[in-house]
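Residue strings, one per chain:
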Amino acid sequence: MSENEDLEEKKLLGSGGYAIAKITEREEIKANLGIPQIFLANLGRLSEDRFLKYHCNTCGKEFTGSPLIKYETPNEELGQGVILVEKGEYKCKNCDNIIAFYRKFNK
Ligand SMILES: [Zn+2]
């Protein structure tokens, strides 16, 4: 990603809440699948400093800053040349609820 691309604040939806983060237009196009909602799961791992706040459905409130980002890089062969490169979760810092999770493949 180029440094001089404009970042815009967007609402990113997850299964257990949502986050407000700064993303580029290119990331938005990649993540919205042609509909107005943007899904955090489609963005993969964003650095914590992109997040302004998040909302946890379990806690029922907003928290300032980034959710907890936990990820691993299994590099697991799934067959037919598909490799699971990375899998990760965005979790609430307060209650451990999963805000969103993502999977990144080699293609
Ligand atoms: Zn929570």
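Since the structure is predicted, the reported quantities are computational estimates derived from the model, not experimental observations.

Thresholds, definitions, all that
- Residues numbered from 1 in each chain as written.
- Predicted model: local features only at pLDDT ≥ 70, side-chain atom pairs only at ≥ 80, totals over all residues.
- Heavy atoms only, no water.
- Donors = N, O, S within 2.8 Å, 3.2 Å for Na, K, Ca; no water.
- Tetrahedral: all angles 85-135°; square planar, octahedral: opposite > 155°, others 65-115°.
- Buried < 20%, exposed > 50% of the residue type's maximum accessible area, 1.4 Å probe, protein only.
- Core = buried A, V, L, I, M, F, W, Y, C linked by side-chain atoms within 4.5 Å.
- Helix = DSSP H or I, 4+ residues; strand = E, 2+ residues; numbered from the N terminus.
- Contact = heavy atoms within 4.5 Å.

J.: What is the right way to read the coordination of the zinc ion from this model?
T.: Six octahedrally arranged donors around a metal ideally form angles of 90 or 180 degrees; four tetrahedrally arranged donors ideally form angles of 109.5 degrees. Listed as protein donors to the zinc ion are Cys 56 (SG), Cys 59 (SG), Cys 92 (SG) and Cys 95 (SG); their distances from the metal cover 2.2 to 2.4 Å. One way to put it: the four donor atoms around the zinc ion meet at angles of 105 to 114°, and that makes the site tetrahedral. Between the donor residues of the zinc ion, the gaps in sequence give the motif C-x2-C-x32-C-x2-C. In this structure Cys 56 comes out as buried when scored by relative accessible area, which is 0%.

J.: Quick question: what am I supposed to make of the nonpolar core here?
T.: Nonpolar side chains in soluble globular proteins tend to end up buried together. Formed by 19 residues in total, the largest nonpolar core has its most connected members in Leu 12, Leu 40, Leu 43, Leu 46, Phe 51, Tyr 54 and Tyr 90. Only β2 (17–24), α2 (40–43), β4 (51–56) and β9 (98–105) provide two or more residues apiece to this core. With sequence-adjacent residues up to four places away left out, Leu 40 is seen in contact with Leu 12, Leu 13, Ala 19, Leu 46, Phe 51, Tyr 90 and Ala 100.

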